[in-house]
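In case you want the letters, here they are:
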4 protein chains.
Amino acid sequence: MTSEAGTTLWGGRFASAPDELMRQFCDSLPFDLRLADVDVRGSIAYAGALQSAGVIDAAECAALVEGLESVGEMLAAGNVTHAPGDEDVHTVVERLLTEQIGPLAGKLHTGRSRNDQVATDLRLYVLDETASLGPALAALQEAMIDKAQGHLSIVMPGYTHLRTAQPILFSHWMLSQVWKLLRDGDRLIEAAARTTVCPLGSGALAGTPYPIDRGALADSLGFACASENSLDAVEDRDFVAELLMWAALLQTHLSGLAETLILWSGESYGFVTLSESYTTGSSLMPQKRNPDALELIRGKAGRIIGHATGFLCTLKGLTSGYNKDLQEDKQPLFDAIDALKLELPLLSGLIRTMQVRAAHMAVARNDAMLTTDLADYLVSKGVPFREAHAVVGATVRAAERLGVPLKHLAVNDFQKVHPAFEKDLYAVFDPHRAVAARKAKGGTSLEAVQEQIAAAKIRMREQQEKLATLTAATAPIPIQEAIA
Amino acid sequence: MTSEAGTTLWGGRFASAPDELMRQFCDSLPFDLRLADVDVRGSIAYAGALQSAGVIDAAECAALVEGLESVGEMLAAGNVTHAPGDEDVHTVVERLLTEQIGPLAGKLHTGRSRNDQVATDLRLYVLDETASLGPALAALQEAMIDKAQGHLSIVMPGYTHLRTAQPILFSHWMLSQVWKLLRDGDRLIEAAARTTVCPLGSGALAGTPYPIDRGALADSLGFACASENSLDAVEDRDFVAELLMWAALLQTHLSGLAETLILWSGESYGFVTLSESYTTGSSLMPQKRNPDALELIRGKAGRIIGHATGFLCTLKGLTSGYNKDLQEDKQPLFDAIDALKLELPLLSGLIRTMQVRAAHMAVARNDAMLTTDLADYLVSKGVPFREAHAVVGATVRAAERLGVPLKHLAVNDFQKVHPAFEKDLYAVFDPHRAVAARKAKGGTSLEAVQEQIAAAKIRMREQQEKLATLTAATAPIPIQEAIA
Amino acid sequence: MTSEAGTTLWGGRFASAPDELMRQFCDSLPFDLRLADVDVRGSIAYAGALQSAGVIDAAECAALVEGLESVGEMLAAGNVTHAPGDEDVHTVVERLLTEQIGPLAGKLHTGRSRNDQVATDLRLYVLDETASLGPALAALQEAMIDKAQGHLSIVMPGYTHLRTAQPILFSHWMLSQVWKLLRDGDRLIEAAARTTVCPLGSGALAGTPYPIDRGALADSLGFACASENSLDAVEDRDFVAELLMWAALLQTHLSGLAETLILWSGESYGFVTLSESYTTGSSLMPQKRNPDALELIRGKAGRIIGHATGFLCTLKGLTSGYNKDLQEDKQPLFDAIDALKLELPLLSGLIRTMQVRAAHMAVARNDAMLTTDLADYLVSKGVPFREAHAVVGATVRAAERLGVPLKHLAVNDFQKVHPAFEKDLYAVFDPHRAVAARKAKGGTSLEAVQEQIAAAKIRMREQQEKLATLTAATAPIPIQEAIA
Amino acid sequence: MTSEAGTTLWGGRFASAPDELMRQFCDSLPFDLRLADVDVRGSIAYAGALQSAGVIDAAECAALVEGLESVGEMLAAGNVTHAPGDEDVHTVVERLLTEQIGPLAGKLHTGRSRNDQVATDLRLYVLDETASLGPALAALQEAMIDKAQGHLSIVMPGYTHLRTAQPILFSHWMLSQVWKLLRDGDRLIEAAARTTVCPLGSGALAGTPYPIDRGALADSLGFACASENSLDAVEDRDFVAELLMWAALLQTHLSGLAETLILWSGESYGFVTLSESYTTGSSLMPQKRNPDALELIRGKAGRIIGHATGFLCTLKGLTSGYNKDLQEDKQPLFDAIDALKLELPLLSGLIRTMQVRAAHMAVARNDAMLTTDLADYLVSKGVPFREAHAVVGATVRAAERLGVPLKHLAVNDFQKVHPAFEKDLYAVFDPHRAVAARKAKGGTSLEAVQEQIAAAKIRMREQQEKLATLTAATAPIPIQEAIA
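**Describing the state of the cysteines**
All names here are of chain B. Within the structure shown, the criterion is met by zero disulfides over all chains. Cys-61 forms no disulfide, and the closest cysteine sulfur to it belongs to Cys-198, at a distance of 16 Å. Using a relative accessible area of 0% as the deciding quantity, one classes Cys-61 as buried.

This is how it looks when you write it as structure tokens:
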């Protein structure tokens, strides 16, 4: 009965052992050991389901659960040595369990395949991580909202095309970043809702011939429901692709924020000062204070976009049924999650400790930013906007020709360009007035910004509540319940 | 007042015209003309908003609306000639409007920038397209469900790793594809919910100084709400990125389906026959009947993944405020949508007309696919599964050594490997029995499949209802309402 | 003999015509018509090869060539109407040829498949385009070298991490961009060398049964050699992938240049002024002068990276033999080439017309940029560099504490930090001295820069010569030769 | 003089230490320690250059070299413990060196920045890896050529569109895979030629103020030349992008080979049998023998395409000068190289041990594959090919209608379709004849295949020679030379 390839789980029908390179290439243990906790949780729940289905009796279930718990503790403590045949986290757990409780361990795999097992593990893992990514994202949103609230009225140049455009409040800009992250919050919830589906009990592809109550099994693991089709259950990696795409878009948002802060904290802008704690120096140039963290965050966007792309490409053209290609789901997923778990709190700290330099912002403002308001001034005198725009453009050119700032043009210089100009035109050259005028919803006036803050806080709170509901239930459950 | 660069909308402050190459490179008209309809709709609504805000009077509004309608008709009819200064769809519409109603046209741009205008147009466009993509997706789901329902009980080999694994129902496989598309349906709804946000009234970046009721404006265009932050409103292209990522994942699903059907309709499998209408021949080899459409669908996945990737990469590192880089949003978006508008109905037809060849499927089944059931048989005799698995593996090797199919081994040959085998073991070698045994939720048994069909239909219907609610409102509205 | 599906080239064995959607989805004519010229050239050469092989006689060959030439002229003139059955450029050419010369046209396809035909066409097309992309790239390199030469001695701040680092010459920076483009030049040559391989005569996959001299055929089309394996010949799209990857890396270079110039031409830096011809205005804000072209170039990098990615993804997992997925090679390729054909000359013009503002560069320099030289000063006094670095860092902090520029610290303030400082230390605070000191190869001193210019010119010239050799031969050849 | 942030290399001007998260996020030590060997080699060479330049004396140089050698041994032995301030491999080496030889270590960084140092290290690393990837690639090419040579005359169905097309030799197919890998060989050489450029002596960005002979320094490290522009030298990561793109295209080739072998080794084709050593079993289904390695290779293509894409995206839009984003170059590069170092020898073994099942290939052939030859038969009777194609198509339909194989149609049935058919037509239905007829260069006839083998061997040998020349010189050199 023993096989020459007998160190593996599946060697029964094999006459020879795998090639050594093959083993090294195919084994996932070097990176999937972090699934140990969820693998044990899944196995405990499965033991309960086998008992409920009458496949094992209560004593066997209790022994399995006890054994699994002790395996879980060994793995958590990190004192496990590698043995031949340890291909992946599942084989390690099964080997350790066998070492603990003997051949009874062999009953745990009844009706279960690594195909449904790993899909279950990975979903539990993603839900666990989502449960911590969500609050980390919210903490960053909160740091930003607090920053806005602490600097409500500072007027700075707003940019389009990296050219000064119109004056805005710094707080308005800060909030513009929050709304992006709130959309990321929505998407994380939606991804989690599609992740909390339990594949366990799908077997290798065709379902289980044992009378397992899959709804109860899903429930015992904290999943919202059981999967609907066994084939789809084992091959579906949409939840991985979605998390990667979610991370890629979030990273894109962070890269834009990083780029902006890199520029603004540089000598030419000087709008903000980063805390020393978030900058580093140069090994050659003693004066340097480099925004390394922000640069890495910007660069990470590339990497994570690459992970999302690469995984979609891995999925492309795969035929139905589990294919080993799917093992490529883990490393990009882990890397994307690990990166965000550092980046989100790091950015929260960076934002909170960053100094806003109102004086530098004031210096960077210029009259030209008020030309739209000057055109609006003409509109208020009855000039159609398109004509007003052309008129003001001509005054800009006139001022350039004379080499003076626009507001230093005499009133009759203005009138030469268009008769609708009057003395009151100079009131336009007040950036605070321009800011205050933009009162409509979403505008940069103080009231509109305060409304934004209130709205953002409500949305943030709602998101966190929804996310908590979706993910909390998957936390490890007391064993008694699992085997009840 | 006129400028040497006066053919453009913005030339007032310019002394010279743009370089010709520059124009050719920057102008978006060659591809954004398809936004003409939504641009006109947005402009009509904006005229109404300007009237409500007291910026223009009722007569002016009526004239603008009438002019815009006639421009819309001209553009729909396609009889518009190109003029210098036509950079994009917005400048074309404005020029035509000026030709129709004179300088009054110049009032329409009051407080509006191309930044909020194009963001509004593109969102309307995406919602319009979503309104047709949704039903096309549902039609494909329906074609698949109908196919499953029309071939409920055909047993075929199920595969993992492209090796026969266990017998399943063809209908079960067909449904496994439906669930993927139902997830795509969910994601489309969610993307649409984030798209139905109206940026109009955000100006270039800072908001509008005019007392525009942005909520009412959003409403008049059928959007669910107005955007919350003017800066974010003009620079947010998450809705484009999301639609591209949605399309990329959907295409990945379609590529897997295509790959499977290409294999199955080939000589070696022969499980299905594609209708001649969906195959093509060879210019050199007279006998050929090639599954070109399926191959292109498979290949398209690469292209659309590339579009999603490329657009995220375009977004990466952009600073706050509209940047021209965002113009790169349109072509990948249009291409992804156009492709799906052909692919989805094409696949519906291909699935509906495809013949299922039960006899070929029967031939491809083999006894080895029932070894899991043989192990389960041993489990039922009290052997732990892991041991049973090894035992059955040994019987497989024994049969191979003798060169006979497994079920042709004599009972005592089985017993030599393990004493638990008895004469009743041969009952295992019935694929229908194996299929029927997988009764748990999501399994391949007939009842489980019928439950799946019912569940899928409900979910499909719910999705279409939600999607209709989200998108229907953005359809063009009677002008009287817009100007009421 | 006629078939119900008889409008196609391949319909002989088909009972019914393709579905209309299918046709629309599969036909490549909307985008491959630009291959008409190379298709005709390839066909003329093939007619010659058929004659040499004795498959057709001289009169037939002459008639085919004459017919093809007239078809080529019709297509060039653009007066061809669409007919049913026109799937792609090949079917159009064959139809027109049949209309011109009757059934003899049917001999042209002897031993030829669209598989080897389209591979030949696409290679000829790429070589043609390479023949114009190469000089366009060289023209940009030349514009940059000229700019450097015209502004040899302007000292500006050099940056790392977007923080001022050390003074450099503007010309040194300009040249740093040239070397990237010279590497792109190398890669283009190498890609062309792998493109100039002729697949014609490979049939559909297995080679040709006719005694065609494939070497002579390759030669008659200007290819360097004939392909080595017929299967590989028809399925190899490495040359497309390579050109896309080449374009993606080149675009990445251009995106960095664009980003730098966008920043430098903005108000905060002010290092350069872009010519009005390469900027555009705003529809709302009259004062704006936006660097649209540079932004689009930056954004295009995303798009082209997406094309390269997408095409690799399309290729991934394709089995041997032509698959229709390969039709997805054309649109990304054409788009990437079209973009560069505009961008390269546009950038040449933009660089040539850009003003360099030495005064703004001077203002942006600061003493802190000379701290490395101050550390080197200490090294010259015997202090190990690592200690000198720490010492200078401490002086920077001391100056910051006192709120004075570093060079305003008194000599004894310096000496308090380290005794090696002497009065001559202040000579360090001269950026011209710092620049002049970096004389080693590749450094920023004037002599080193002048050597760079000489070296870059030589390399540029060598590249253009090699490229011309590789691509010139594929230009259309007189017909007499083809049929000799 | 000591700083509160004094554990770092650059802390002199900092008042506080970096945030702990920041450190964790920015430090590259967890992944760049594998550069220890090249870092030490680079440092030894740099010590020699400092001596030649008169910056240090011979005794100092000797002490530095001796210290570095001992550091190198410590690192190679792996017995180094982590200390605070160990950010990356460079700081570790410098710290250990200081521990060995005291403050003299501080002279090694004179004129050197981590910017030029890491660029040098990474290039040396890539050249070292190229020196082993090249032969591994050649070994795979050789395994394939040997396989072709060992199975020269086996006739199998050739496919297009995954449909049988024409008979070919198995050896011809095998060689079609070799030519792809030979192109990869070319590209690896070209990438190496652009990698063997030494940035050392470029300082942080501006070059070195010390009279270092950069040509000699490059030479002492085995580089072909020194870089031409100091700014470009420190920011150029083309060589990383190129290696990633090279790996991506190679992986694409391997993915196609893998897909083909997965299909062919499955039950439906059965063309090859994979050695048990390269397959694995199932934890649930005892009969399974899964081609896991091939599936992972196919899936890896996605991952590596993702790395190439992601890194290009990281590079996109970076301004001039080193930016920390570039630190993202290492992990994708290392991962791509590590993967290939397993995959290439694994595939060599898999190909060498794979059984070719000629009988299964014979069964899969069908008469329809000879219809092109039947059309060629008609051509030989004077029928234009296009007409012959349609005629043969009609005979195929006729045979289908009668339900018989084409060659079982009676001669007068053929003649009913076209009078040119005669009794000798049946000779066409011999696949060996069809194969033998394709004698032109690159065809599937035996002679053509033998010529291919000879040509492939020559090209393979030439590549390995070139590659050896390019990479051998960078191997570690005896210290005496370095300090001579």
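**Side note on the packing of aromatic side chains**
Scanning the model with the defined rule gives 38 aromatic pairs over all chains in all. With a centroid separation of 5.7 Å and an interplanar angle of 40°, the aromatic rings of Phe-170 of chain A and Trp-173 of chain A are classed as tilted. With Phe-170 of chain A and Trp-173 of chain A both in helix H7 (residues 170-195), this residue pair falls three residues apart, about one helical turn. Each member of the pair Phe-170 of chain A and Trp-173 of chain A is classed as buried. In textbook terms, an aromatic cluster arises when at least three aromatic residues are bridged by ring pairs, as seen for Tyr-159, Phe-170, Trp-173, Trp-264, Tyr-269 and Phe-271 of chain A together with Tyr-159, Phe-170, Trp-173, Trp-264, Tyr-269 and Phe-271 of chain C.

**Here's the deal with the relation of the copies chain C and chain D**
By a simple turn and slide, chain C fits onto chain D: the slide is 0.0 Å along the axis, the RMSD is 0.0 Å, and the turn is 180°. A rotation of that kind, with that shift, is consistent with a two-fold axis. Residue Thr-309 of chain C of chain C places its C-alpha closer to the rotation axis than any other residue of that unit, at 3.1 Å. The residues that chain C uses at the interface reappear at the interface of chain D in 100% of cases, marking a shared surface.

**Thoughts on helix H14 (residues 371-380) of chain A**
Residue and element names in this part refer to chain A. Among the 10 residues of H14, nine are classified as buried, and the element is accordingly described as predominantly covered. For H14, the complete set of buried residues consists of Thr-371, Thr-372, Asp-373, Leu-374, Ala-375, Asp-376, Tyr-377, Leu-378 and Val-379. Buried residues in H14 make contact with strand E2 (163-169), helix H15 (385-402), helix H16 (411-417) and helix H17 (431-437). Positive backbone phi, approximately 95°, marks Gly-382, located one or two places after H14.

**Looking at the interface of chain C and chain D**
Taken together, the 111 residues of chain C in the interface contact 111 residues of chain D. Summed over the shared surface of chain C and chain D, the number is 20 salt bridges. Between Arg-194 of chain C and Glu-190 of chain D there is a salt bridge, with its nearest N and O atoms 2.7 Å apart. Taken together, chain C and chain D are joined by 49 residue pairs in polar contact (both at pLDDT 80 or more). Broken down by element, the residue count for the side of chain C that touches chain D peaks at 13 residues, all from helix H10 (residues 238-264) of chain C. Tallied by class, residues from the side of chain C that touches chain D come to 45 nonpolar, 38 polar and 28 charged.

**Remarks on the relation of the copies chain B and chain A**
For these two chains of identical sequence, chain B goes onto chain A by a turn of 180° and a shift of 0.0 Å along the axis, with RMSD 0.1 Å. A high fraction, 100%, of the interface residues of chain B reappear at the interface in chain A, so the copies pair face to face through one surface.

Reading the values: rules and limits
Residues numbered from 1 in each chain as written. Chains lettered and ligands numbered in written order. Predicted model: local features only at pLDDT ≥ 70, side-chain atom pairs only at ≥ 80, totals over all residues. Heavy atoms only, no water. Disulfide = S-S within 2.5 Å. Buried < 20%, exposed > 50% of the residue type's maximum accessible area, 1.4 Å probe, protein only. Phe/Tyr/Trp six-rings, centres within 6.5 Å; stacked < 30°, edge-to-face > 60°. Helix = DSSP H or I, 4+ residues; strand = E, 2+ residues; numbered from the N terminus. Least-squares fit on C-alpha atoms with pLDDT ≥ 70 in both. Contact = heavy atoms within 4.5 Å. Salt bridge = Lys/Arg side-chain N within 4 Å of Asp/Glu carboxyl O. Polar contact = N/O pair within 3.5 Å; in protein donor to acceptor, adjacent residues only side chain to side chain. Nonpolar A, V, L, I, M, F, W, Y, C, P; charged D, E, K, R; others polar.

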